[in-house]
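Inside the fold
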Amino acid sequence: MAAGAKQRYADDRVVISSVIGDITDRDVIVLDDEIAKGSTVLELLDRLRDLGPPLDPGGLHPRPVRGGRAQADREQPDVLEIVCTNTVPVPEEERTEKLRILSIAPALAEAVRRIHNGESVSALFDAPPNE
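Residues numbered from 1 in each chain as written. Predicted model: local features only at pLDDT ≥ 70, side-chain atom pairs only at ≥ 80, totals over all residues. Heavy atoms only, no water.

**Some remarks on the overall build of the protein chain**
Scanning the protein chain for helices and strands turns up 2 helices and 6 strands. Scored against the burial criterion, the 131 residues of the protein chain give a buried share of 31%. The contacts in the protein chain between residues at least 6 apart in sequence include a share of 38% that link residues at least 24 apart. When the accessible surface of the protein chain is totalled, it reaches about 8800 Å², and 53% of it is carbon and sulfur. (Helix = DSSP H or I, 4+ residues; strand = E, 2+ residues; numbered from the N terminus. Buried < 20%, exposed > 50% of the residue type's maximum accessible area, 1.4 Å probe, protein only. Contact = heavy atoms within 4.5 Å. Areas by Shrake-Rupley, 256 points an atom, 1.4 Å probe, with all protein chains shown as cover.)

**Structural notes on the packing of aromatic side chains**
The tally for this structure, following the rule as stated, stands at 0 aromatic pairs. Above the ring of Tyr-9, the side-chain terminus of Arg-13 is found at 4.7 Å from the ring centroid. (Phe/Tyr/Trp six-rings, centres within 6.5 Å; stacked < 30°, edge-to-face > 60°. Lys NZ or Arg CZ within 6 Å of the ring centre and 35° of its normal.)

**Focus: helix α1 (residues 39–50)**
Taking 1.5 Å per residue, 12 residues should reach 16 Å; α1 reaches 17 Å between its end C-alpha atoms and fits that length. Where α1 is concerned, the buried positions are Ser-39, Thr-40, Val-41, Glu-43, Leu-44, Leu-45 and Leu-48. (Expected span 1.5 Å × (residues − 1).)

**A short note on the pairing of strand β2 (residues 13–20)**
Relative to β2, strand β1 (residues 3–10) is paired through 7 bridges, and the arrangement is antiparallel. Residue pairing in the sheet places Gly-4 in a bridge with Val-19 of β2. Once β1 ends, the chain turns through 2 residues before running back antiparallel as β2. (Pairing = 2+ DSSP bridges.)

**Describing the pattern of salt bridges**
Scanning all chains against the criterion turns up 8 salt bridges. A salt bridge links Glu-110 to Arg-113, with the shortest nitrogen-to-oxygen separation between them at 2.8 Å. Placement of both Glu-110 and Arg-113 in helix α2 (residues 105–116) is noted, with a separation of 3 residues, approximately one turn of the helix. (Salt bridge = Lys/Arg side-chain N within 4 Å of Asp/Glu carboxyl O.)

**A look at α2**
Because the α-helix completes a turn every 3.6 residues, residues three or four places apart line up on one side. Taking 1.5 Å per residue as the helical rise, α2 with its 12 residues ought to reach 16 Å, and the 16 Å between its terminal C-alpha atoms agrees with that figure. Positive phi shows up at Gly-118, right after α2, with a value of about 70 degrees.

**Details of the side chain of Glu-43**
Among the secondary structure elements, Glu-43 is positioned in helix α1. The residues contacting Glu-43, other than those within four sequence positions of it, are Val-14, Val-15 and Ile-16.

**A word on the confidence of the model for the protein chain**
Here the protein chain averages 77 in pLDDT, while 78% of its residues score no lower than 70. At the level of individual helices and strands, the protein chain shows its lowest average pLDDT in strand β4 (residues 60–62), which scores 52, and its highest in α2, which scores 94. (pLDDT = per-residue confidence, 0-100.)

This is how it looks when you write it as structure tokens:
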């Protein structure tokens, strides 16, 4: 695991001064809580590239947990995929082949079912994936 030390100066100006952790010979998955304009992801890509030889096209998979407009992939050949949830609508004209949108409907439905039946909702967070 590695982390970028980030300072935001404006909506579209981010500086990542360092990457803390070793990514040598590792696949990289970037987690970001939201991609609005992609400035954080683009800055992080630059810092990751500074750490060594160019990133292998198979080695970078930005995966925002929640997504807005996912535009960083359009100009980045080493970004293979951006995965986000459907909590924020992504207009059709902003979608690319690299964008995969996952529905949160099953998770919400299960939470509503548990609330209705008086069951624990917090137990959802203890369940193994795909349960």
